[in-house]
Amino acid sequence: MQIYKKIEDTQIISKKSIDLISPKNKLVIVEKDVIKEVIKEVCNNNNNNNNNNNNNNNNNNNNNNNNNNNNNNNNNNNNNNSINNNNSYNNKKEKEDLNGFKDIQSMINYYLTYQYYYNIEEFKNIQYSNKSKYDLSRYQYPEVTKIQSDFKPSIEETEISIDKLNEKYQIGINGKQVATLDYNQQKEYNEQFYKLSLKKVRSRIWSDFYSNYWKEKHFINFSIDNGLNPFKPPKLSLPLNITSPLLTTPYIFVHLPKVGGSSMISHFQRYFNGGVVQQWIYPNSKEAINVQNAHNLVLGHFGYGIHYVLNEEAQKTCNYMTMLRDPVDRVISHYFYHKSTTFDEEHAIARDNTFDQWLDLSPRGTNEMTRHLSGIFTSEEFSPKNETFNMAMYNLRNMKFVGITERFDETLALLKFYTGFDNPLISDKRNIGNSKPYGITPEIIEKIKERNWMDILLYEEALKMFERQINIVGRDNFQNQLNKILKKL
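Sequence order as written defines the numbering, with residues in each chain counted from 1. pLDDT decides what is reported in this predicted model: residues at 70 or higher carry local features, side-chain atom pairs at 80 or more are listed and counted, and totals for whole chains, interfaces and linings draw on all residues regardless. Only hydrogens and water are set aside; all other atoms, that is, all heavy atoms of the structure, feed into the side-chain values.

S.K.: Lay out helix H14 (residues 386-398) with the relevant residues and their values.
M.R.: Look at H14: 19 Å from first C-alpha to last across 13 residues, which is about the 18 Å you get at 1.5 Å a residue. Burial of H14 is extensive: twelve of the 13 residues sit out of reach of the surface. Think of it in three bands: with a 1.4 Å probe and only protein chains considered, a residue is buried below 20% of the maximum accessible area for its type, exposed above 50%, and partly exposed in between. A helix here means a DSSP run of H or I that spans at least four residues, while a strand means a run of E at least two residues long, and both kinds are numbered starting from the N terminus. Those residues of H14 not exposed but buried are Glu387, Thr388, Phe389, Asn390, Met391, Ala392, Met393, Tyr394, Asn395, Leu396, Arg397 and Asn398. Each residue after the first adds 1.5 Å to the expected span of a helix.

What follows is the structure in structure tokens.
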């Protein structure tokens, strides 16, 4: 995700609402996902040209003064040539090879974000999902039409409600209690505060999506309209030379239901041996402390948006990950899991209804992957809307790693390059349903497709991202790691 930050105050005269989010004057792209901040300054103005002329004149004098120093340093330079030759990102070539980015890590982190490449790379023209199963021509991507979020309650409205709640229970500005609450009062306060906190997070997710989406979209248009060379996403030579994990921690693994996430947590717990937290839902105030202490991995059914809980430094280095599954297979698996799992809270609705009826009654049978990737709850939308799908797609494309359930072993192999994760036990698969599907008619399958067109498009996008991830690390390197996992070497 990018944040565009103005570094010079300018007067903005808005004739259209779109002007409110169009970049003006000089901007800096700030990459949120890594510690490094300034990546590239892409816009300039007329003053820059005048400043450059003055700098050139000054540099001429400096160059003359530096001639003697250069002569004196010739011997040292000769001695250092071998070192410089081994560093492909030194001196003048450094700026060229880094495409204006501050350092290699920033450039690679940008390159790993499919959101910046989905419309310019060859993957967009290839269908990777089963063509005999999914006719993608039936589905049309909805347009993003709103300029800004109209999610209610807004962030400001929710903050006012929180202030009133704190005043009611005599909670100070710093969160400390002014008066002692009995057990019931404390319980009531915690429940109400948690609900309001969730609303604030949802509102923030919506607000950030529209803000970032339109800023990115109009950033290039602004450059073109002002006669500037628009910033072009760098094309790196593949495969990358990977000597350390491509992604920085903590990893945030959004565990979509019935995609194999339970198996994944056992692998990561064994690998990291600490600093891993399994958080099933969005954390309350006490659970948030555990999430903040998870310096390696947070995994659970919490949906997108849990990064807001992390401390400031962790938000700069965290990377989202997830895994998607064939939508039809996922829905079938979800139904029979509920039906056979007596302790599950949604067991009764699956037990007491046919599959066809369940699809009409349960939100779990309708675009569940879209719901989690957008960060929106069923209490807010029983069936995700088009704008929710756009937000889910945007969040997916911004994730740094995506696995595929049907290619689970290959997913484990890729994780070696992205996280350092190695030597998994592929037989260690958890939460595998014991109930075999039955009574699945062609009519039911078509109904699942009709109800889950959003998930189908997300799954196709995830397959594109998966193929791109293999290209990034190199197909030979990937195959060697896969063979190692399968013990074929």
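S.K.: Tell me about the pairing of strand E8 (residues 401-404), residues and numbers included.
M.R.: Burial along E8 is two-sided: the residues Phe401 and Gly403 and Val402 and Ile404 are all buried. Taken together, the four bridges between strand E7 (residues 319-324) and E8 define a ladder with parallel strand orientation. Of the residues in E8, the one forming a bridge with Leu324 is Ile404. Note on pairing: two strands pair once DSSP finds at least 2 bridges between them.

S.K.: Which residues make up the pattern of salt bridges, and what are the values?
M.R.: By convention in these notes, a salt bridge is any Lys or Arg side-chain nitrogen within 4 Å of a carboxyl oxygen on Asp or Glu. Using the criterion set out here, one finds 25 salt bridges in the structure. Linking Asp352 and Arg351 is a salt bridge whose minimum nitrogen-to-oxygen distance equals 2.7 Å. Judged by its relative accessible area of 45%, Arg351 is partly exposed. Taken together, the shared-partner salt bridges in this structure form one network comprising Glu346, Arg364, Glu368 and Arg371.

S.K.: Please provide a residue-by-residue account of the packing of helix H17 (residues 453-473) against helix H18 (residues 475-485), values included.
M.R.: Only the contacting stretch of a helix is used when fitting its axis, a line to C-alpha atoms as for every element, and angles between N-to-C directions run 0 to 180 degrees. As a packed pair, H17 and H18 sit with axes 6 Å apart at the nearest point and diverge in direction by 100°. Taken together, H17 and H18 sit at an angle that is classed as roughly perpendicular. Contacts between H17 and H18 involve Glu467, Ile470, Asn471 and Val473 from the first element and Arg475, Asn477 and Phe478 from the second. Looking at the contact of H17 with H18 residue by residue, the classes come out as three nonpolar, two polar and two charged. Angle categories are assigned with fixed cut-offs, so that under 35 degrees is roughly parallel, over 145 is roughly antiparallel, 65 to 115 is roughly perpendicular, and the rest are oblique. Any two residues having at least one pair of non-hydrogen atoms within 4.5 Å are treated as being in contact. In this count, Pro and Cys sit with the nonpolar residues alongside Ala, Val, Leu, Ile, Met, Phe, Trp and Tyr, while Asp, Glu, Lys and Arg are called charged and the others, Gly among them, polar.

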